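Architecture at a glance
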6 protein chains.
Amino acid sequence: MRPSGRALNEMRPVSIETGFTKHAEGSCLIKMGDTHVLCTATIDERVPPFIKGSGLGWVTAEYGMLPRATNTRMRREAASGKQGGRTVEIQRLIGRALRAGVDRVALGERQITVDCDVLQADGGTRCASITGGWVALRLAVNKLMKAGVVKMDPLVDPVSAISCGIYAGQPVLDLDYPEDSEAGVDGNFIMTGSGKLIEIQMSAEGSVFSREQMNELMDLAAKGTSELAEIQKAACA
Amino acid sequence: MRPSGRALNEMRPVSIETGFTKHAEGSCLIKMGDTHVLCTATIDERVPPFIKGSGLGWVTAEYGMLPRATNTRMRREAASGKQGGRTVEIQRLIGRALRAGVDRVALGERQITVDCDVLQADGGTRCASITGGWVALRLAVNKLMKAGVVKMDPLVDPVSAISCGIYAGQPVLDLDYPEDSEAGVDGNFIMTGSGKLIEIQMSAEGSVFSREQMNELMDLAAKGTSELAEIQKAACA
Amino acid sequence: MRPSGRALNEMRPVSIETGFTKHAEGSCLIKMGDTHVLCTATIDERVPPFIKGSGLGWVTAEYGMLPRATNTRMRREAASGKQGGRTVEIQRLIGRALRAGVDRVALGERQITVDCDVLQADGGTRCASITGGWVALRLAVNKLMKAGVVKMDPLVDPVSAISCGIYAGQPVLDLDYPEDSEAGVDGNFIMTGSGKLIEIQMSAEGSVFSREQMNELMDLAAKGTSELAEIQKAACA
Amino acid sequence: MRPSGRALNEMRPVSIETGFTKHAEGSCLIKMGDTHVLCTATIDERVPPFIKGSGLGWVTAEYGMLPRATNTRMRREAASGKQGGRTVEIQRLIGRALRAGVDRVALGERQITVDCDVLQADGGTRCASITGGWVALRLAVNKLMKAGVVKMDPLVDPVSAISCGIYAGQPVLDLDYPEDSEAGVDGNFIMTGSGKLIEIQMSAEGSVFSREQMNELMDLAAKGTSELAEIQKAACA
Amino acid sequence: MRPSGRALNEMRPVSIETGFTKHAEGSCLIKMGDTHVLCTATIDERVPPFIKGSGLGWVTAEYGMLPRATNTRMRREAASGKQGGRTVEIQRLIGRALRAGVDRVALGERQITVDCDVLQADGGTRCASITGGWVALRLAVNKLMKAGVVKMDPLVDPVSAISCGIYAGQPVLDLDYPEDSEAGVDGNFIMTGSGKLIEIQMSAEGSVFSREQMNELMDLAAKGTSELAEIQKAACA
Amino acid sequence: MRPSGRALNEMRPVSIETGFTKHAEGSCLIKMGDTHVLCTATIDERVPPFIKGSGLGWVTAEYGMLPRATNTRMRREAASGKQGGRTVEIQRLIGRALRAGVDRVALGERQITVDCDVLQADGGTRCASITGGWVALRLAVNKLMKAGVVKMDPLVDPVSAISCGIYAGQPVLDLDYPEDSEAGVDGNFIMTGSGKLIEIQMSAEGSVFSREQMNELMDLAAKGTSELAEIQKAACA
């Protein structure tokens, strides 16, 4: 019934290739089906003014899409002179999500910037960015720990994200672009490896949904993020 | 236990003064406690390019805050040369929320722009904007129906929004600024008068929450929006 | 003969509601007929670089109009990415006008920012902004004096402003929008309560005027600002 | 008593060299003492949208200053990404001033853009721009009349501008930079060759002035603009 | 003698992986040593205004660098609100280079946009962009020819580019980053497969060079681009 | 054969008027035929951050064109909100060219900014800017040496620039606008008075050229810049 032939609760094949670029302190290319995102983590000993002297660390994120990552070419944001509303929303979301899984005391007063750049898009780019971004962050933190500048692991529980929605009347897991563009109701769930909730964004563009449907979607999200946490751990091993 | 002395499931006093400005096709000043938002609705017979010729209507929203609506003065966005990420996120949310309650066929090919400008802020400005914005929209649509250009009512069910969060370990309804700035977990629920869900945005900044807590917050939100729907109806009567 | 039925030398009804918002150190909503402007004054102990260490105070102003303050909706300046030429001109005028009535030595090295936001426009918004802005400034300075940080009153003489112009061949006081949009010759006069001149901006868009007409307009302006000074004093009492 | 040794009512030497650049339909280099402004007029058969089909002409102006026209180098506005408030104010003033002297019916539905670029500044650049800008406009209109596309002269009366102010307690004509930077009260008067007023901008930065002083300044302005009108006529002959 | 141990006239290993992304009409990932650039070509039947109706085609290019493509993270251009001078220069160069190899009559009135995005940088990104960009262009044109909309091949001779410079007193081919950052004299040569010159940009930052040195560099460039042309042909076969 | 009747290897008449503006530390108006550029040099004891404390000097350049310097009016860059790609390219080129002729140790830790503003354009504005810019720089440095703050002359060899191209199949020197707009192949050569090369930019827009043609163009450039060096020396004497 799904265009891809997947079962209702079946994610796309996921692969995570770490060390995709050589300069970043942590990097990976995550593929969720045909959605490919290059994630890099940059360690900076300088911190933003609002935490200077606090002893606390900070994690922030930026998101971008190459102009021809999509089916039709989108205008380059650098050329149009500003990041669009969608971009700003997504990168704020990625930053909040990753910070929720970080012990900022343990990280110490430094900043890690996670860049998520979509090379190819087929739905679910913000979820792939969070899941891959956590891996890049993990690798960068490993470097800090190996170097002895961070003593206690600030990443206790992996953070991943998955989209769920109602497609053709049925709750489905991990929507691809053909599903996403038709689903009236869909959203993103960000959870920890141990099943705690970090962020929920459910939206019914031009539609509505019931409490029962919401519960079904939360069940799917729990299944998906639990699988993603295993894949993240394997990639970082 | 709450700084304001309110019960856990008690909203702040709400008032809606319609016709607050004379030029707009619909307008109101909504007060949720010390949060005051001026909402106006403007009818435009021209529509954005992407719906031209479709016969469908469009509702969009813009959001702003006066520089001294807050405790310390914020820089004027017009002066800094762009709308901040928070502003863009909020106005996209208001637009989506209001559109979810509109029958776009019944509205016909025209656009209504809802401007929500915060005169005074004390937490929950985006929720007040949606609740008050719907009233401005309702009044503008009434004008179209009275003039006979819209025959069937495109607004079948009121749309309102309320924040919920976990404050001092307890789920509470309608956070004011002192609560909002301390709550690790909070979010906004947008619902229809008949109890359907339109959008959920739950976020745990630097924290996590459980499925049980999520359920309690959804109960509070249902109570709050049901009360708001009554107040909206009374204001438009 | 005037659309409003007013006498040639008759101002619109003026009201000033002080304390309209709770956060600002001084605030008022001034209404000159259907022109409504919210004025707030913010005290900042930091000063701009060019007066640092001088011991002198500074007063500056910003001006904005809500998108639907006018008969047809204007594009939000924050959205278009810059303040228009008209806005910049007006806020520079308000700042200069208010500074002319301030003893900057007595104020001491601090800055007061006066924000004037037009909620509803019907002509004369810059004059209402100056007149109301002075009231907000007065209230903020009162707070500084009450707290003992300012010893000598830096506001010796109230500052107010009124428009005058030639409408249907006759010199008239305080043009409303229908008059303003037809008057070939009009301008703004900023004066002190004791009748001194601070600024004159007379302009004949596509027209010219004589020295005699200029004298008649100055007589009207003197009458108007003298009445406004009384209203300002009453509001601050 | 004046730094330059001039009499109180004495202008600086004025010269106008027409045809300074070869591409523009009208051009001149105006020198008022050490203030040098290059003025060009460009005829465009396309008009702005708001007069399309009206049969009326339009005159607009732009103003700029080369970075090292002044004593210390100013940042290039093209590099800082926007025209400053002062620039915007001045070019709007030049445009209004020139339009006041144009019979827009006689000009016919076309636009003339007058560019005023300050090569060297020593006070009074906006007045020199208006006076020189009118000459460039005159030359461009001459071309239109010679070509027979404009039949009736749309420029009936020359437009010129001069600054006046109170320097060391005395009313003086045509302030140069050393005077301008010390005068508490000064302004610009735009008048026609036949002595009619077009625009007055009197400002007392941090000061005030009396009705009597205003009258003396108006006398000086009438003398100055009458002399300028003769110089303009001679330059265009 | 070279940091990489290469001979003076030896290029880095080059690989071109075509079809790297699925949406673009032509795409490849070109690797010149550790410099990796993703090139995509987008066909658009709409053309820029200046060639509308001419029957001629157009090829344009855009260039970008991911923030962490470099050794230290660079600010994202979309976030800083404009493309830097270096980016603008490079993308104009790529566009001119590719157009020089296109028969615009044969291409017909359509536009092809080549996006070159640097995933990892180690010197020579603009040369890799041109060489890889031509491959993406070639693949997109192949599609047009296969579909029969283009009858005669508009790409008669491959276009490639290579850097040459004087490093440690010796002329060297294809500078990597360690060489590039020390070479006082270096430049880029764009040539056709048949050895014709398209563009030369030789620059001596803070230095000078002789006619003899220029001749040696041109010899190296001819060798390098002739090798690149073979690699391009093999990749497209 | 050339539109101007010049011989193939003949430059336009060149004149350099020094001291054209009074404020700048060095200034000249250079005329190469109908191309007129005002060049000013500004000395600043503050240096950019990247050389602070190095003891080295810096020379930078900015370039602009008055809107009606050209045959049809171009939009003012300050009004369009950014410098175009062509402007950025040119001013970077001017800066690099001038720096190549400066002994930065001898100059000492200070910055000189050279502004090149085109008053009238007829082809070759960037070359005239470099040639005239060097004269302004020379005059400013003379001032520093006269004042004793610079002991050793940092300008050992004059820097000038000339365009060459292939027009109607023939290599020609110093293209004017009619030639420039038809030449498929043209470029700019920057050389020292003693015949060393600083920068070469040869470009074949939509065309190609041979190694032999390149050699002929380099011969022309050597002749032209050698003549310009003599004119520069005479102007500064």
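Per an unreviewed UniProt entry, chain A carries the name Ribonuclease PH and comes from Tritonibacter multivorans. Check the Catalytic activity (unreviewed entry) section of the UniProt entry for chain A; it says "tRNA(n+1) + phosphate = tRNA(n) + a ribonucleoside 5'-diphosphate". Per UniProt, chain A has the following entry under Sequence similarities (unreviewed entry): "Belongs to the RNase PH family."

Although it is not a glycine, A:Ala168 adopts a positive phi angle of roughly 50°. Mapped onto the secondary structure, A:Ala168 falls in the loop between β6 (159-167) and β7 (170-173).

Let's shift gears to the interface of chain C and chain B. Counting residues at the interface gives 36 residues for chain C, matched by 36 residues for chain B. Between chain C and chain B, roughly 2800 Å² of surface is buried when both sides are summed, and carbon and sulfur atoms account for 50% of that area. Among the residues of chain C in contact with chain B, C:His23, C:Arg68 and C:Arg76 are the three that bury the most area, contributing 26% of the side total. For the interface between chain C and chain B, the tally reads 24 residue pairs in polar contact (both at pLDDT 80 or more). Those elements that provide at least two residues to the side of chain C that touches chain B are β3 (35-44), β4 (58-65), α1 (77-80) and β5 (111-120) of chain C. Element by element, the count of residues in the side of chain C that touches chain B is highest for β5(C), at 6 residues.

When chain A is brought onto chain E, the operation consists of a screw motion whose angular component is 180° and whose axial shift is 0.0 Å, with 0.0 Å RMSD remaining. Taken together, the rotation angle and the small translation identify this as a two-fold axis. Closest approach to the rotation axis within chain A is made by the C-alpha atom of A:Ala78, at a distance of 1.9 Å.

Among the surface-exposed residues, A:Arg75, D:Arg75, E:Lys82 and F:Lys82 lie close enough to one another that they form a single positively charged patch. Positionally, F:Lys82 belongs in the loop between α1 (77-80) and α2 (85-100). A residue is classified by how much of its surface remains accessible, and F:Lys82, at 48% relative accessible area, is partly exposed.

As a further point, take the UniProt feature "domain: Exoribonuclease phosphorolytic" (unreviewed entry) in chain A. Mapped onto this numbering, the UniProt entry gives "domain: Exoribonuclease phosphorolytic" (unreviewed entry) at residues 10-140 and 157-224 of chain A. Measuring from the first to the last C-alpha atom of residues 10-140 of chain A gives 31 Å, for a span that is 31% helix and 31% strand.

Attention now goes to the pattern of salt bridges. Using the criterion set out here, one finds 126 salt bridges over all chains in the structure. When the shortest N-O distance is used, the salt bridge between C:Arg76 and B:Glu62 registers 2.8 Å. With C:Arg76 in the loop between β4 and α1 and B:Glu62 in strand β4 (residues 58-65), this pair bridges two chains. A single burial state applies to C:Arg76 and to B:Glu62, both of which are buried. Notably, a salt bridge pairs B:Glu199 with B:Arg96, separated by 2.5 Å at the nearest N-O pair.

So, about the arrangement of the chains. There is no contact between chain A and chain C; across them, the least C-alpha separation is 10 Å. There is no contact between chain D and chain E; across them, the least C-alpha separation is 10 Å.

Okay, the sheet that holds β7(A) next. Strands pair in a sheet through their backbones, by hydrogen bonds, and they do so in one of two ways: parallel or antiparallel. Reading across the sheet, the 8 strands line up as β7(A)-β6(A)-β8(A)-β9(A)-β9(B)-β8(B)-β6(B)-β7(B) and stay open at both edges, with antiparallel pairing between neighbours. Each end of this open sheet is capped by a strand with a single partner; those strands are β7 of chain A together with β7 (170-173) of chain B. Direction aside, neighbouring strands of the sheet carry axes that sit 20° apart on average. Note: β6(A) against strand β8 (residues 185-192) of chain A, 8 bridges, orientation antiparallel. Its bridge partner lying in β8(A), A:Ala161 is registered against A:Ile190. Taken strand by strand, helix α2 (residues 85-100) of chain A contacts β6, β8 and β9 (197-204) of chain A together with β9 (197-204) of chain B, and its axis lies near 150° from that of β9(A). Contacting β6 (159-167), β8 (185-192) and β9 of chain B, helix α4 (residues 125-146) of chain B crosses the sheet at an angle of about 165° to β6(B).

To continue, consider the UniProt feature "binding site: phosphate" (unreviewed entry) in chain A. All names here are of chain A. When the UniProt feature table is mapped to this numbering, "binding site: phosphate" (unreviewed entry) covers Arg86, Gly124, Thr125 and Arg126. Sequence-wise these annotated residues cover 41 residues; spatially they are packed, their C-alpha atoms never more than 13.3 Å apart. Mapped onto the elements of the fold, Arg86 is located in helix α2. A polar contact of 3.3 Å, which involves the side chain of Arg86, links it to the side chain of Tyr63. With respect to the helices and strands, Arg126 occurs in helix α4 (residues 125-146). Once residues lying within four places of it in the same chain are set aside, the contact partners of Arg126 are Arg86, Ile90, Leu93, Asn188 and Gln201.

Let us now look at the packing of aromatic side chains. Residues and elements named next belong to chain A. Under the definition given, this model contains 6 aromatic pairs over all chains. Relative to Trp58, the ring of Phe50 lies with its centre 4.9 Å away and its plane at 85°, an arrangement referred to as edge-to-face. Look at Phe50 and you get exposed, because its relative accessible area is 56%. Its relative accessible area of 15% is what places Trp58 among the buried residues.

This part covers the interface of chain A and chain E. Interfaces are frequently sized by the accessible area removed from exposure as the parts join. Between chain A and chain E, the residue contacts involve 36 residues of the former and 36 residues of the latter. Of the roughly 2800 Å² buried where chain A meets chain E, counting both sides, 50% is carbon and sulfur surface. At the surface where chain A touches chain E, the tally comes to 24 residue pairs in polar contact (both at pLDDT 80 or more). Of all elements in the fold, only β3 (35-44), β4 (58-65), α1 (77-80) and β5 (111-120) of chain A reach the threshold of two or more residues within the side of chain A that touches chain E.

Taken as rigid bodies, chain C and chain B are interconverted by a rotation of 180° and an axial shift of 0.0 Å, the fit giving an RMSD of 0.0 Å. Both copies share a contact surface, since 100% of the interface residues of chain C are interface residues in chain B too.

What counts and how
- Residues numbered from 1 in each chain as written.
- Chains lettered and ligands numbered in written order.
- Predicted model: local features only at pLDDT ≥ 70, side-chain atom pairs only at ≥ 80, totals over all residues.
- Heavy atoms only, no water.
- UniProt positions renumbered as here; feature names shortened; annotations may be inferred.
- Helix = DSSP H or I, 4+ residues; strand = E, 2+ residues; numbered from the N terminus.
- Contact = heavy atoms within 4.5 Å.
- Buried area = accessible area lost by both parts, 1.4 Å probe.
- Polar contact = N/O pair within 3.5 Å; in protein donor to acceptor, adjacent residues only side chain to side chain.
- Least-squares fit on C-alpha atoms with pLDDT ≥ 70 in both.
- Patch = residues over 30% accessible without salt bridge, like charges linked within 9 Å, V, L, I, M, F, W, Y side chains within 5 Å.
- Areas by Shrake-Rupley, 256 points an atom, 1.4 Å probe, with all protein chains shown as cover.
- Salt bridge = Lys/Arg side-chain N within 4 Å of Asp/Glu carboxyl O.
- Lys, Arg positive; Asp, Glu negative; His and termini not counted.
- Charge placed at Lys NZ, Arg CZ, Asp CG, Glu CD.
- Buried < 20%, exposed > 50% of the residue type's maximum accessible area, 1.4 Å probe, protein only.
- Pairing = 2+ DSSP bridges.
- Axes fitted to C-alpha atoms, helices over the stretch in contact; angles between N-to-C directions.
- Phe/Tyr/Trp six-rings, centres within 6.5 Å; stacked < 30°, edge-to-face > 60°.

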